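Next come the chains, spelled out residue by residue.
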Amino acid sequence: MANHVHTAVNFYNMNDAAKNKLKEYYSKVRQDGDYRWFSDIFVSENTPYEVLEKYDWTIDNIGPKWCYFEDYGEDYFVTESAWDCPIPGIEMLLAELSKVDPDFITTIRYEDEMPNFVGAVVYKGDAEMDYRQNDFEELVQIAEGLYPKELGEKFDYEENEWRDDEARDFFWEVQWEITNDFQDDFITEVLEDIK
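Residues numbered from 1 in each chain as written. Predicted model: local features only at pLDDT ≥ 70, side-chain atom pairs only at ≥ 80, totals over all residues. Heavy atoms only, no water.

### A word on the overall build of the protein
Definition in use: Helix and strand definitions follow DSSP, with helices as H or I runs of at least four residues and strands as E runs of at least two, each counted in order from the N terminus. A simple rule labels every residue: compare its accessible area, found with a 1.4 Å probe on the protein chains alone, to the largest value its type can have, and call it buried under 20%, exposed over 50%, or partly exposed in between. What sets the accessible areas is the Shrake-Rupley method with a 1.4 Å probe; for residues, cover comes only from the shown protein chains. Only four residue types enter the charge count: Lys and Arg as positive, Asp and Glu as negative, with His and the chain ends excluded. In plain terms, the charge of a residue is placed at NZ if it is Lys, CZ if Arg, CG if Asp and CD if Glu.
Of the regular secondary structure elements, the protein holds seven helices and eight strands. Taking the principal axes of the C-alpha coordinates as reference, the protein spans close to 60 × 40 × 25 Å. Counting only residues that meet the buried cut, the protein has 44% of its 195 residues in that class. About 10,600 Å² of surface is accessible on the protein, with carbon and sulfur atoms providing 44% of the total. Averaged over its 17 positive side-chain charges, the protein has a centre that lies 6 Å from the centre of its 48 negative ones.

### Focus on unusual backbone geometry
Glycine aside, the phi torsion of most residues is negative, and most peptide linkages are trans. With an omega of 0 degrees, the peptide bond between Met-114 and Pro-115 qualifies as cis. With respect to the element layout, Pro-115 can be found in the loop between strand S4 (105–112) and strand S5 (117–124). Look at Trp-83: it is not a glycine, yet its phi comes out positive at around 70 degrees. Within the secondary structure, Trp-83 sits in the loop between strand S3 (76–82) and helix H4 (87–97). Its identity as a non-glycine residue notwithstanding, Glu-153 has a phi of 55 degrees, on the positive side. In this fold, Glu-153 is placed in the loop between helix H6 (148–151) and strand S7 (155–156).

### Some remarks on the side chain of Lys-21
Operational definition: By definition here, a salt bridge exists when the distance from a side-chain nitrogen of Lys or Arg to a carboxyl oxygen of Asp or Glu is within 4 Å. Contacts are assigned to residue pairs that have any heavy atoms within 4.5 Å of one another.
Looking at the element boundaries, Lys-21 is found in helix H1 (residues 16–27). Glu-96 is the oppositely charged side chain nearest to the buried, salt-bridge-free Lys-21, at an N-O distance of 4.0 Å. Here Lys-21 is in contact with Glu-96, Leu-97, Lys-99 and Val-100, once residues within four sequence places are set aside.

Quick look at the structure:
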């Protein structure tokens, strides 16, 4: 079974033309049982739903073998996907939206459920401004630096596990806060540079 990757995409300063175009993309999404597939936004005369449903097309164009919307709205969407963030699919969407608005800002936050990795990306139009990703060991190192008393020297990097249950439990309590802080700080720094 694939690890799930949660991705949150937010749009800022998007003009009306881009908002309307995004609505058009959303209008193509079908309800398939419990799922609303991200790939549906790319349906066209040359690429019918039957093509979009194939793993090969999804892997080549979206990134992960499957990706669905958990939620979407005028200035955001949230996805769940297999093994990876759907960066290629998001970039394909941004390329289309930037044809009518080259200056809107997009922020992306993503995290693997383990977490094997967490990351953040910022775009202006369809141009990537900056990108950062931390793997699990880097998250552990950040946590050790923030909580040396509770976590310092308690992770075995060769065995890739905590040496005691107390340190492991503490890390799991704080790791999502650390992830959110890392993503927030990174995005804020990049946005300040763009201004």
